[in-house]
Number of protein chains: 2
Amino acid sequence: MTTPSRIEADYIIETAFDPLAAAEAMAGEQSSGTFVAIPGETPELKARSAARIEALEPLESVEAPSLPGAGRPKLGDATVRRARVTLSWPLDNVGPSLPNLMATVAGNLFELKQFSGLRLIDIRLPQAFGDAYPGPKFSVAGTRRLAGVEGRPLIGTIVKPSVGFGPQETAALVSQLCDAGIDFIKDDELQSDGPHCRFDARVRAVMEVINDHAERTGKKVMFAFNLTGEIDQMRWRHDLVLEQGGTCVMASLNSVGLVGMIELCRFTQLPVHAHRNGWGYLSRAPMLGWSYVAWQKIWRLAGADHMHVNGLANKFSEADDSVIASARECLTPMFPDKPCIAMPVFSSGQSAKQAPGTFAALGSPDLIFAAGGGIMAHPDGPAAGVASLREAWDAAIARVPLADYARDHAALARALEAYAG
Amino acid sequence: MTTPSRIEADYIIETAFDPLAAAEAMAGEQSSGTFVAIPGETPELKARSAARIEALEPLESVEAPSLPGAGRPKLGDATVRRARVTLSWPLDNVGPSLPNLMATVAGNLFELKQFSGLRLIDIRLPQAFGDAYPGPKFSVAGTRRLAGVEGRPLIGTIVKPSVGFGPQETAALVSQLCDAGIDFIKDDELQSDGPHCRFDARVRAVMEVINDHAERTGKKVMFAFNLTGEIDQMRWRHDLVLEQGGTCVMASLNSVGLVGMIELCRFTQLPVHAHRNGWGYLSRAPMLGWSYVAWQKIWRLAGADHMHVNGLANKFSEADDSVIASARECLTPMFPDKPCIAMPVFSSGQSAKQAPGTFAALGSPDLIFAAGGGIMAHPDGPAAGVASLREAWDAAIARVPLADYARDHAALARALEAYAG
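Treat the numbers as computed from the prediction; the structure is a model and nothing was measured.

### Details of the interface of chain A and chain B
Step number 1: Between chain A and chain B, the contact holds 92 residues from the first and 92 residues from the second.
Step number 2: Summed over both sides, the interface of chain A with chain B buries roughly 7,900 Å², with 57% coming from carbon and sulfur.
Step number 3: Area buried by chain A at its contact with chain B is led by Glu111(A), Tyr281(A) and Arg284(A), which between them contribute 11% of it.
Step number 4: Our enumeration of links across chain A and chain B arrives at six salt bridges.
Step number 5: In this structure, Glu111(A) engages Arg276(B) in a salt bridge whose closest nitrogen and oxygen atoms are separated by 3.8 Å.
Step number 6: Remark: the boundary between chain A and chain B carries 32 residue pairs in polar contact (both at pLDDT 80 or more).
Step number 7: Considering only residue class, the side of chain A that touches chain B consists of 38 nonpolar, 39 polar and 15 charged.

This is the structure:
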C-alpha cells in the first residue's frame, strides 16, 4: 500500500492528439489553467498549484474513436491512441475534502475535446483523507458480531417482489426466511417509504418477527432497512431501526449522493449497507466514466460498511473478472492505520453454483452472498434454498467440488439441478 | 405541459432481443419482478405495482452493439435494434420522493443484459412531486432583482486561475472585474475551501470589495461562492455569505449529490448556482446514461436556481444543438403552479461572438453568459472584455449583425478580431 503525499489519479485516455499534449491539457483544466494564458497565472502559482503528469504509458491504437465529439489535429498524424496517465495534485489544492476531491479528479475532464475516451481507473489519497473521514464503523468484524456469523459468508436475500408488499406481507416473508436459517435480508432498493409499505410500519412489523426469532433461537437475523431519503428522514429512520433492535441500514449511493452519505455515516450507530444501483450509467461504456476500483474508495472512506459488487455469472452485463476485481478491492486496505475495509456484497442471479468460483477468486469468506430466486425459487422451498447456499459455501471453503459434496447434501443437490441453466 | 398521474420516463434502448420483450424485462426489474417467478407475486400485486410500457416506437437497426456485455437470443434473428420506450410507474410505488425516484427511473437497469444501450431521455412527474419540493426559490426574477440586471443576460465570469489564488489575490481580481462592469462572478469549481484560499477569508475579502463597489456605484455584483462541502460546512458557509451581504452560493451537483442539494436548497436564503462538473461521465456515451433534459428536472425540483448548460462552440465535446436543448429545457415550466425555472448558465470558451447564435436559438435573454478568457484575455483588458459582451448582447437582442454593430463599438470590434479563431 502506498500513501502518497499528493492526490493521485490514474486514467485511461484516448486521443487523436499527441497523448502527452492531451494529458497536459487535462492537467491544466483540472488545476490552474483555462483556454488562453491569463494574467494571474504566474510561474510561482503554477509551481504551487499545478497538476503534474506523474506517468504516461502508451497503449494500443484504435481504428475509430470510442466517443463522439472529439477533436483531431489539423495537420499531421491523427491516429487514435490510448494511454494510461497518472496525474497528481498538491493536497492543498483542495484539502482533505471528499466532495471537493470529486471536482478535481472527476470534474470537467470527461468532456474535454482532446479526448474520444477518458476513464478514471484508480485514485490514491494522502493520509490526511484517512484522518478526516470515519471510514466504515463496523466493517467485517462488526458485521459478523452483529449477525453472529463467523468463518463463512453471510447468506443473504432480498425482499421480493421488489415493490408491492405491505409491512405485514414483508414481515410474513421475513418470518419464513428466519425459519429457513437466513443470516441477512435486505430491502429492495425500490422500496424505502412507499405509501403501501411505510418505513415505520415495515420496521416495526419486521423487527417484531426478527426479535421473536432471536429470543427463541439466539440468532438475530440482520435486516438492512432501506432508509434512502432526505437527511432528516434518514436520521429519523436510523433511530427507529436502532430503537427497534435492528442491526443494519441500507442506502442507495447514487440516490443519496456523497454529502448525504457522509452525513449518514458520521451519524450512524449501525452498519451501512451501500447499494450501487445506477452504477451502470457510471461505468458501462468502457472508455468513459469510473472504474469501480476508483469509485468504491470514495464511499468506503465516507463510511460504507457493505458495498455491492454484483456476482459471478450475473444477470447483468458485467464480466466475472470485473466483479472479482471490485470485490478484492473492497477487502484491500486504504491506509495503514485505517483500512476502511467494506464487506463485498455478491448478488444478481446468484445460487449455490457460484460459491466455489467466488471463493476461489476472492480467497476470503468475508462477504455477503445474497440470492433472491436462488433461495425463494428452490424446488424444496426457502429453507432448502438457504441450506443449499450454506452447503455450497462449506464445500467451497473445504475445496470440495460441489457435485461431490451434493452426494450427501440433498438441498445442494436439488439446487444444482434447479439452477443448472 | 402534461402533468401525468403516474411517474413516466422515456428511454432509448438498444437490444438484440425483441424490443418489446426487452422493455418488459426492464419494467419487471424496476417494479415487481426478479429473474424467476416467485411466490408472492400475485396478479393483484402486479396490477397495483407493476411498471407499464406506455409506448414503444421502433427506431433504426445498427451494425454493432454500442456497449459490450449484452446478450443475444440463442435462436433466430439477432439484429441489434433501437427503440424509444416510455415506462410508467404508480406514484405510490415510491411516493413523491426524489431520492427514491432515482432508483426507480435510473437504478439497476443500465446494466441489464438485454441491452447494448440504454439512455434516459426524459421524465415526467405527477403534481405530488411539485407539492413536495421547494423548486428554485429565486429563479430568474429573484436573480435579476439581486443582481440589478433586467432585459438582458447577466454577464459573468469565473475566477481564474482555477486554483492558486489566495483570498487577497481573488479580491484584487474581483475589484478589477467590478470596475470592468461585470454583473456576475463565480468561483471555479476546483476552489471551495482549499488551505491556500479558505472560504471564510475569501468571502470576507471579496465581499469587502463588492460592498465597497456597491456603495460607490449602486451596483452589487453577484458572486457565486463555491460552498461545496459537507452539510454543516455548507450551512455555515451559506450563513457567512448572507451575513457578509453576498447574494449567491454555488455548489457542484455531482460532488454534493441529491440529498445534500435538497438540504441546501431547503435551507438557502440565497440563489443556488448549480455546477454540473462531471456531467461528461453521465452523458458522453450516446447510448448510455442521462440526457440533460431528464437530469436537470431532478435538480430544478430540488431547488437549483442556475444550471450550467455549456455554451455554443464550446471547448468541450458537446454539440451546439444539445447545448440549446438543455438551455431551453431549463426555461420550460415543470408544473402549472410551480414552473421551477432555472436560469441557464452558458460557459466554456465563450466570447462576444456566440451571443447572436445563443439568443437566436434560445429566444430569451434569461440566462447567465459567462466568459473567462473571453473577458480577461480581451486585448484591451477586462473592462473592454465585459463591454464587448454587453455590446454583443445588445446587438443580438436588437437582431443587428455583430459585424455591423462593431463598426461603432470598439470593444466588440476588438473582441471579434481577438477571438476569431
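### Concerning the relation of the copies chain A and chain B
Step number 1: You can overlay chain A on chain B at an RMSD of 0.0 Å; the transform is a turn of 180° with a shift of 0.0 Å along its axis. Taken together, the rotation and translation describe the operation of a two-fold axis. Taking C-alpha positions as the reference, the residue of chain A nearest the rotation axis is Gly257(A), at 1.9 Å.
Step number 2: A symmetric contact is evident, with 100% of the interface residues of chain A recurring at the interface of chain B.

### A closer look at the domain arrangement of chain A
All names here are of chain A.
Step number 1: Parsing chain A into structural domains produces domain 1 (6–132) and domain 2 (139–418).
Step number 2: Distance from the C-alpha centre of domain 1 to the C-alpha centre of domain 2: 36 Å.
Step number 3: Each partner contributes residues to the interface: domain 1 has 27 residues there, and domain 2 has 22 residues.
Step number 4: For the domain 1 and domain 2 pair, buried surface summed over both sides reaches about 2,000 Å², with 66% attributable to carbon and sulfur atoms.

### Some words on the side chain of Lys160(A)
Residue and element names in this part refer to chain A.
Step number 1: Among the secondary structure elements, Lys 160 is positioned in the loop between strand E5 (154–158) and helix H6 (167–179).
Step number 2: The buried category is assigned to Lys 160, whose relative accessible area is 13%.
Step number 3: Engagement of the side chain of Lys 160 in a polar contact is seen with the side chain of Asp 188, the distance being 3.1 Å.

### Observations regarding the pairing of strand E12 (residues 343–346) of chain A
Residue and element names in this part refer to chain A.
Step number 1: Covered by surrounding structure in E12 are Met 343 and Val 345 together with Pro 344 and Phe 346, the residues of both alternating faces.
Step number 2: Sheet analysis places strand E11 (residues 306–308) next to E12, joined by three bridges and oriented parallel. Each residue of the ladder has a partner; that of His 308, found in E12, is Val 345.
Step number 3: For the handedness criterion, the β-α-β arrangement of E11, helix H13 (residues 320–330) and E12 is classed as right-handed.
Step number 4: Of the strand pairs in this sheet, E12 and strand E13 (residues 368–370) are connected by two bridges, and their pairing is parallel.

Analysis parameters
Residues numbered from 1 in each chain as written. Chains lettered and ligands numbered in written order. Predicted model: local features only at pLDDT ≥ 70, side-chain atom pairs only at ≥ 80, totals over all residues. Heavy atoms only, no water. Contact = heavy atoms within 4.5 Å. Buried area = accessible area lost by both parts, 1.4 Å probe. Salt bridge = Lys/Arg side-chain N within 4 Å of Asp/Glu carboxyl O. Polar contact = N/O pair within 3.5 Å; in protein donor to acceptor, adjacent residues only side chain to side chain. Nonpolar A, V, L, I, M, F, W, Y, C, P; charged D, E, K, R; others polar. Least-squares fit on C-alpha atoms with pLDDT ≥ 70 in both. Domains from an automatic or database assignment. Helix = DSSP H or I, 4+ residues; strand = E, 2+ residues; numbered from the N terminus. Buried < 20%, exposed > 50% of the residue type's maximum accessible area, 1.4 Å probe, protein only. Pairing = 2+ DSSP bridges. Right-handed = clockwise from strand over helix to strand, strands pointing away.

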